[in-house]
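# Inside the fold
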Amino acid sequence: SQKIEQNSEALNIQEGKTATLTCNYTNYSPAYLQWYRQDPGRGPVFLLLIRENEKEKRKERLKVTFDTTLKQSLFHITASQPADSATYLCALGMGGFKTIFGAGTRLFVKA
Amino acid sequence: DVKVTQSSRYLVKRTGEKVFLECVQDMDHENMFWYRQDPGLGLRLIYFSYDVKMKEKGDIPEGYSVSREKKERFSLILESASTNQTSMYLCASSWDNRDMNTEAFFGQGTRLTVV
């Protein structure tokens, strides 16, 4: 069955640096991949979607890459700010109504 | 501003009780979902609905049922609550796009504790 791996260890970085989060998956490639942000005690909020035929997607300070050969997506936040501190979830869209979520990686940005 | 609203932020129920979790969306979305979120496990799909009165089992439907009598409302029912159903429950909705799914909009979550 399809599995997603996100680094369970928290990522600590200094304000102004680029944060890079990793999402690895097994087996077959998804039709698309999404990234969500989740704050403590809140529901996830959609950030970006990248389709299987796209290599890179950008939105303001966010950038997502999708490498179907490596079975990996990287999520970058440039010029990170303390307000970017949250848990970031990767989600694989397998087609139809099937979406598989990772457990998320906690990001801490220190001022 | 688009919204998915869950009826309760926190609930404490006793083992064996029947529990209702309500979710309402104001975006006229066809699809609605119920997930539970536990530490280290990610979001796991319990049930989803792609139309009024339609429902499909997700990955972990045991011990749960759902109801969708109106397009905007999707209810999750715990028939007889057990302590292993203590969790964060998240409702979500999305537009219908059978070829390429779209983003999901989530509610704020309900933290359920079964004692």
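What comes next concerns the included structure. Worth saying up front: this structure is predicted, and the values here are computed from it rather than measured.

All names here are of chain A. Among the nonpolar cores identified, the biggest contains 24 residues, and Trp35, Phe75, Tyr88 and Leu92 are the most heavily contacted of them. When residues of this core are traced back to their parent elements, those giving at least two are strand 3 (19-25), strand 4 (32-38), strand 5 (45-51), strand 7 (62-67), strand 8 (72-77), strand 9 (86-93) and strand 11 (105-110). The residues contacting Tyr88, other than those within four sequence positions of it, are Gln6, Leu21, Trp35, Tyr36, Arg37, Leu47, Phe75, Ile77, Gly104, Thr105 and Leu107.

Another aspect to go through is the packing of aromatic side chains. Tallied over the entire structure, the rule returns 13 aromatic pairs over all chains. Clustering of aromatic rings is evident, with ring pairs tying together A:Tyr36, A:Phe46, A:Phe101, B:Phe33, B:Tyr35, B:Phe48 and B:Phe106.

Next up on the list: the side chain of B:Ser75. Residues and elements named next belong to chain B. The residue Ser75 is located in strand 8 (residues 73-78) in this model. Residue class for Ser75 comes out buried when judged on its relative accessible area of 8%. At 2.5 Å, the side chain of Ser75 and the side chain of Glu22 are in polar contact. Ignoring any residue separated from it by four or fewer positions in sequence, one finds Ser75 in contact with Leu21, Glu22, Trp34, Ser65, Val66 and Ser67.

The next point concerns the sheet that holds strand 6 (residues 56-59) of chain A. Residues and elements named next belong to chain A. An order of 1-3-8-7-6 is seen for the five strands of this open sheet, with the pairing classed as antiparallel. Lying at the two open borders of the sheet, with one neighbouring strand each, are strand 1 (4-6) and strand 6. Pairwise comparison of adjacent strand axes, ignoring direction, gives a mean angle of 15 degrees for this sheet. Both strand 7 and strand 8 contribute to a ladder of six bridges, which runs antiparallel. Within the sheet, the bridge partner assigned to Thr65 lies in strand 8 and is Leu74.

So, how was this worked out
- Numbers given for residues are sequential positions, taken from 1 along each chain in its written order.
- Whichever chain is written first is A, and whichever ligand is written first is 1; the rest continue in order.
- In view of the model being predicted, local features appear only for residues whose pLDDT reaches at least 70, and side-chain atom pairs are presented and counted only at 80 or more, with totals across whole chains, interfaces and linings using the full set of residues.
- Side-chain metrics in this entry use all non-hydrogen atoms of the structure; hydrogen atoms and water are not considered.
- Side-chain atoms within 4.5 Å are what join buried Ala, Val, Leu, Ile, Met, Phe, Trp, Tyr and Cys residues into a set we call a nonpolar core.
- We call a residue buried when its accessible area falls under 20% of the maximum for its residue type, exposed when it is over 50%, and partly exposed in between, using a 1.4 Å probe and counting protein chains only.
- Runs of H or I in DSSP of at least four residues are treated as helices and runs of E of at least two as strands, each being numbered from the N terminus.
- The contact definition used throughout considers only heavy atoms, calling two residues in contact when any of these lie within 4.5 Å.
- Note on aromatic contacts: the rings of Phe and Tyr and the six-membered ring of Trp form a pair at centre separations within 6.5 Å, being stacked when their planes are under 30 degrees apart, edge-to-face when over 60 apart, and tilted otherwise.
- Pairing of N or O atoms within 3.5 Å defines a polar contact, subject to two protein rules: one partner must be a possible hydrogen donor and the other a possible acceptor, and residues neighboring in sequence count only if both atoms are side-chain atoms.
- At least two bridges found by DSSP between two strands are what make those strands a pair.
- The convention used is that axes are lines fitted to C-alpha atoms, helices contributing only their stretch in contact, and that angles between N-to-C directions extend from 0 to 180 degrees.

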